[in-house]
Protein chains: 2
Amino acid sequence: MNLDLEKTAPSEHLYLKVYQYYRELIQKGQLPPGTKMPSLRKCAAELCLSRTTVENAYLQLAADGYIISRPQSGYFVTERSQKPQVLKKEQTPKALSCRYDLASSGVDRESFHFDVWRRYIKSALRQSQRLLSYGEPQGEADFRQTLCEYIRDRRNILCTADDIVVGAGVQSLLHILCPLIRDKKSVSFPNPSFLQGSTVFADYGFSVHYRDKDCGVIYVSPAHMTKWGEIMPVSRRLELIRYASQHNGLIIEDDFENEFVYLQKPTPSLYSLCQGQGVVYIGSFSRLLLPSIRISFMVLPAELKDAYKEKASAYNQTASKAEQIALCQFIRDGHLAAQTRRLKRLYSQKLRQLVEDVQKVFGETGSIQIGSAGTSIALTLSSRHPAREILSQAEQEGLRLQLLKEEEGMVTFLLSCSSMPAEDFLPALSLLRDILARED
Amino acid sequence: MNLDLEKTAPSEHLYLKVYQYYRELIQKGQLPPGTKMPSLRKCAAELCLSRTTVENAYLQLAADGYIISRPQSGYFVTERSQKPQVLKKEQTPKALSCRYDLASSGVDRESFHFDVWRRYIKSALRQSQRLLSYGEPQGEADFRQTLCEYIRDRRNILCTADDIVVGAGVQSLLHILCPLIRDKKSVSFPNPSFLQGSTVFADYGFSVHYRDKDCGVIYVSPAHMTKWGEIMPVSRRLELIRYASQHNGLIIEDDFENEFVYLQKPTPSLYSLCQGQGVVYIGSFSRLLLPSIRISFMVLPAELKDAYKEKASAYNQTASKAEQIALCQFIRDGHLAAQTRRLKRLYSQKLRQLVEDVQKVFGETGSIQIGSAGTSIALTLSSRHPAREILSQAEQEGLRLQLLKEEEGMVTFLLSCSSMPAEDFLPALSLLRDILARED
């Protein structure tokens, strides 16, 4: 087995190399469907790597559908793995080939008032003088001021516009942040599913870990601890803050989907719980507006601000100036608050509807996991067929599913309610039941 | 002197640390105006650094106006340095306080047909279905296809849409490219002025050099080898390609301002000269459209494509989807070609006008450096006053200048014609002459 590990610096993403190595073998058919993967212990010994590193690679392969875990058996190559996920020529647009998309994390098509947003973009585009020059590296000053007031009102975060840095998405922010905190060396994520996050940290030489509170950087999404919307309780938040503070760890609080907390009082942000000491707060608008609007922002703690200021002019702003100007005024005129209220109401209704329809269709045979937040639930069902056959059959009949887990005879899907219209839940779930019930 | 150099990895940007150290001393007044800086040799010896590293730091300090070089004397702290360049609260917009801006590299306000661009953005914003989902990580497929045809026609670059990666500006592209070519370890720029480029490479652990063809990566802008638009002759391009190929060096060709080559036949791109072997081609639209539209693209050579594909889905697209859709159609409908022709005509006229007006105002007393391309000229004049006084006086009277160099009694300014209206050249230059002529 040649993984060129000699060329991999200790701090680079070893698990990613293992992952890529096996993915290639699987895609090329050298590990055919049904093949049993080497045990974690054996693979680790052979590669002289830790069991954790190999396990992380296997977890990622499983998350991407290449292998499946059968407890007391091991990991096996799936059939679905034969179709690589990379861009294919003349790819049929999803909308035509997919009738029911329970896997998409897009937004509800009724939720976004395009006409209102268009007005604000048109208004921004009329500011010719402003658009003739480059944007401010840190983000437009008036927009940062608006963001400052917005997070003060919503999340009790007290800071100044000067503490805020704008970027075109979370990764753009990490591209500024990672070089500033390189001395932290290691980062911990809750699980391997946020590949966009772990990849950037690994690119800058951080070692990537999971659920390891002793890392230099702890990356959390407190309103999205699991894909089905479990949130981090306040007690746990305080514990994390205390521990990180004692061990000089930096917390990155990614407040993804904090707007969609339904079943309890709003939860205080980590940043507000410790007055911004040792916490970088990250917010974005892709779940509130459109995923195609690329604007995120971070609030830097005092201890990182000077270092940022020294380098600030070396980094060009990536977010569109016109979109910043538009969003600034959109927020000031109250439309973001109205949009957030509308979406929260809509998604909580849709989630309730989804749970009802699951109970209607599956009754006692399905068990549901649901959190206090978000737009998805996890549904576990028994299946006489392997998951790969279910997914394949479903895809052929226009039903897209996301598999979370497969254990002996039980399959767990992540069902997302945000994108699909509510009236499609029942027919989609009925189709799933029918596929599961088939004899062949 | 404590620069914490122990904490700086050998491959990090040592010159930047030296630069920041002195800049802070100057800004805090601990090195008052007129102070003589330590000689390069002495500073290098004291810091145990190479003379080149110290020189690069001094060059950057000089480029930013903090110090000035007097040959046979040394470097001295300028008076202008008392006003730090960082963001100030309630910063007066340049347009109000500055009558004549000869330093700006913005675009001519008459050059951009906002009404046409607005039509295309509005059209893009009506594509609701497309905007409800995330953009393709690599960039929108139709846009990449359009770019592919565009560079084939303009630059004789033969590639497929699949070889093209879109990003929100050059740095976003480097954030994808640098991790792919980490094994190259070192990068060479023509000079320290492209701070945005060298900073990103240094962030990823590359050692940064200048004019060193033995580096693993050679970053060049063949149509912009100097700030006054000297271009790299074809013979030199072939020589560079041959040398890099023999030494396994990767060339990054940043085709900045290739559209504004006036005085000779169009120059072949490096990429086309070697059929894309060992060259990454980078193009952008900030000089053709608006600097506030953040869209750039790169063409990956075959040898980097597989490595990119493996990681492609881990990087979210930073460029605005709506702007990609708009620009795609804008190009297809011929507006970019029309815009380019118009700008080339306009800028070549303005450059000619600027040169004429310089000769009118300064006659034999000024010597001009002009290249075959671009939007700027270098003007060297004799001055009885130090440059810092000239700059300061000029700023007070609403004239913004960019100083390139100062040698005993001679000052060199970079005069940019792109932003300022042509009718303002004569009064601006006359004002400069008057300031230079003053007795006190």
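This one's a predicted model, so the numbers in the text were calculated from it and none came from an experiment.

Rules used in this analysis
- Residues numbered from 1 in each chain as written.
- Chains lettered and ligands numbered in written order.
- Predicted model: local features only at pLDDT ≥ 70, side-chain atom pairs only at ≥ 80, totals over all residues.
- Heavy atoms only, no water.
- Contact = heavy atoms within 4.5 Å.
- Buried area = accessible area lost by both parts, 1.4 Å probe.
- Salt bridge = Lys/Arg side-chain N within 4 Å of Asp/Glu carboxyl O.
- Polar contact = N/O pair within 3.5 Å; in protein donor to acceptor, adjacent residues only side chain to side chain.
- Helix = DSSP H or I, 4+ residues; strand = E, 2+ residues; numbered from the N terminus.
- Nonpolar A, V, L, I, M, F, W, Y, C, P; charged D, E, K, R; others polar.
- Pairing = 2+ DSSP bridges.
- Axes fitted to C-alpha atoms, helices over the stretch in contact; angles between N-to-C directions.
- Buried < 20%, exposed > 50% of the residue type's maximum accessible area, 1.4 Å probe, protein only.
- Least-squares fit on C-alpha atoms with pLDDT ≥ 70 in both.
- Left-handed = near helix turned anticlockwise from the far one by under 90°.
- Right-handed = clockwise from strand over helix to strand, strands pointing away.

## A word on the interface of chain A and chain B
Contact with chain A, which involves 54 residues of that partner, is made by 55 residues of chain B. Summed over both sides, the interface between chain A and chain B buries roughly 5,100 Å², with carbon and sulfur atoms accounting for 54% of that surface. Looking only at chain A, the three residues that lose the most surface to chain B are Leu132, Tyr134 and Asp203 of chain A, adding up to 13% of its buried area. Joining chain A to chain B, the criterion identifies two salt bridges. Here Asp203 of chain B ties to Lys311 of chain A by a salt bridge, and the two come within 2.6 Å at their closest N and O atoms. Along the contact surface separating chain A from chain B lie 24 residue pairs in polar contact (both at pLDDT 80 or more). Of all the elements in the fold, those that place two or more residues in the side of chain A that touches chain B are helix 1 (14-27), helix 5 (114-125), helix 6 (128-131), helix 8 (170-180), helix 9 (195-203), helix 12 (302-311) and helix 13 (321-332) of chain A. In terms of residues, the side of chain A that touches chain B owes the most to one element, helix 5 of chain A, which gives six residues. Residue classes in the side of chain A that touches chain B are distributed as 19 nonpolar, 18 polar and 17 charged.

## Observations concerning the sheet that holds strand 5 (residues 186-189) of chain A
Residues and elements named next belong to chain A. The strand order across the open sheet formed by seven strands is 4-10-9-8-7-5-6, and the pairing between neighbours is mixed. Whereas interior strands pair on both sides, the edge strands pair on one side only; in this sheet they are strand 4 (164-167) and strand 6 (207-210). Ignoring which end each strand starts from, the neighbouring axes of this sheet average 20 degrees apart. Bridge analysis of strand 7 (residues 217-220) against strand 8 (residues 250-254) gives four bridges, and the strand direction is parallel. Paired with Tyr219 across the strands is Ile252, a residue of strand 8. Along the sheet, helix 8 contacts strand 4, strand 7, strand 8, strand 9 (279-284) and strand 10 (296-299); its crossing angle with strand 10, the most-contacted strand, is approximately 35 degrees.

## As for the pairing of strand 10 of chain A
The side chains of a regular strand alternate, first on one face of the sheet and then on the other. All names here are of chain A. Side chains of strand 10 alternate between two faces, with Ser296 and Met298 and Phe297 and Val299 buried alike. Bridging between strand 4 and strand 10 involves four bridges; their strand directions are antiparallel. Residue pairing across strands places Val165 opposite Met298, the latter belonging to strand 10. Looking at chain direction, strand 9 and strand 10 are connected through four bridges and run antiparallel.

## Concerning the environment of Ala437 of chain A
All names here are of chain A. By the element assignment, Ala437 lies in helix 16 (residues 425-437). Taking relative accessible area as the criterion, Ala437 reaches 45% and is therefore assigned partly exposed. Sequence spacing of Ala437 and His385 is 52 residues, and the spatial spacing of their C-alpha atoms is 9.2 Å.

## Brief notes about the relation of the copies chain A and chain B
If you rotate chain A by 180 degrees and push it 0.1 Å along the axis, it lands on chain B with an RMSD of 0.3 Å. Classification of the inter-copy transformation places it as that of a two-fold axis. It is Tyr204 of chain A whose C-alpha, among those of chain A, lies nearest the rotation axis, at 2.9 Å. Most of the interface of chain A is mirrored in chain B, where 98% of its interface residues again form contacts.

## Side note on the sheet that holds strand 5 (residues 186-189) of chain B
All names here are of chain B. Judged by pairing direction, the sheet is mixed, and its seven strands sit side by side in the order 4-10-9-8-7-5-6 without closing on themselves. The sheet terminates laterally at strand 4 (164-167) and strand 6 (207-210), the two strands that pair on one side only. Each strand axis lies, on average, 20 degrees off the axis of its neighbour in the sheet, ignoring direction. Summarising the sheet, strand 5 and strand 7 (residues 217-220) pair through two bridges and their orientation is parallel. By the bridge assignment, Ser188 is partnered in strand 7 with Ile218. Of the strands in this sheet, strand 4, strand 7, strand 8 (250-254), strand 9 (279-284) and strand 10 (296-299) are in contact with helix 8 (residues 170-180), which crosses strand 10 at around 35 degrees. The sheet strands contacting helix 9 (residues 195-203) are strand 5, strand 6, strand 7 and strand 8, and the helix crosses strand 5 at an angle near 175 degrees.

## Things to note about the packing of helix 14 (residues 335-362) of chain A against helix 16 of chain A
Residues and elements named next belong to chain A. Close contact between helix 14 and helix 16 brings their axes to 9 Å; oriented N to C, the two are set at 35 degrees. For helix 14 against helix 16, the interelement crossing comes out right-handed. Facing helix 14, whose interface residues are Lys350, Gln353, Leu354, Asp357, Val358, Lys360, Val361 and Phe362, helix 16 presents Phe425, Leu426, Leu429, Ser430, Leu432, Arg433 and Leu436. When the residues that make up the contact of helix 14 with helix 16 are grouped by side-chain class, the tally is nine nonpolar, two polar and four charged.

## A closer look at the pattern of salt bridges
As enumerated under the stated definition, the model contains 35 salt bridges over all chains in all. Two residues, Asp163 of chain A and Lys305 of chain A, come together in a salt bridge whose shortest N-O distance is 3.0 Å. In this pair, Asp163 of chain A sits in the loop between helix 7 (141-155) and strand 4 while Lys305 of chain A sits in helix 12, placing the two residues 142 residues apart along the sequence. A relative accessible area of 12% places Asp163 of chain A in the buried class. The salt bridge involving Asp153 of chain B is made with Arg152 of chain B; its shortest N-O contact spans 3.6 Å.

## Focus on the pairing of strand 5 of chain A
Residues and elements named next belong to chain A. What you see with strand 5 is no split at all: Ser186 and Ser188 on one side and Val187 and Phe189 on the other are buried throughout. Pairing geometry for strand 5 and strand 6, over four bridges, is parallel. Paired with Phe189 across the bridge in strand 6 is Tyr210. On the question of chirality, the crossover connecting strand 5 to the parallel strand 6 by way of helix 9 is right-handed.

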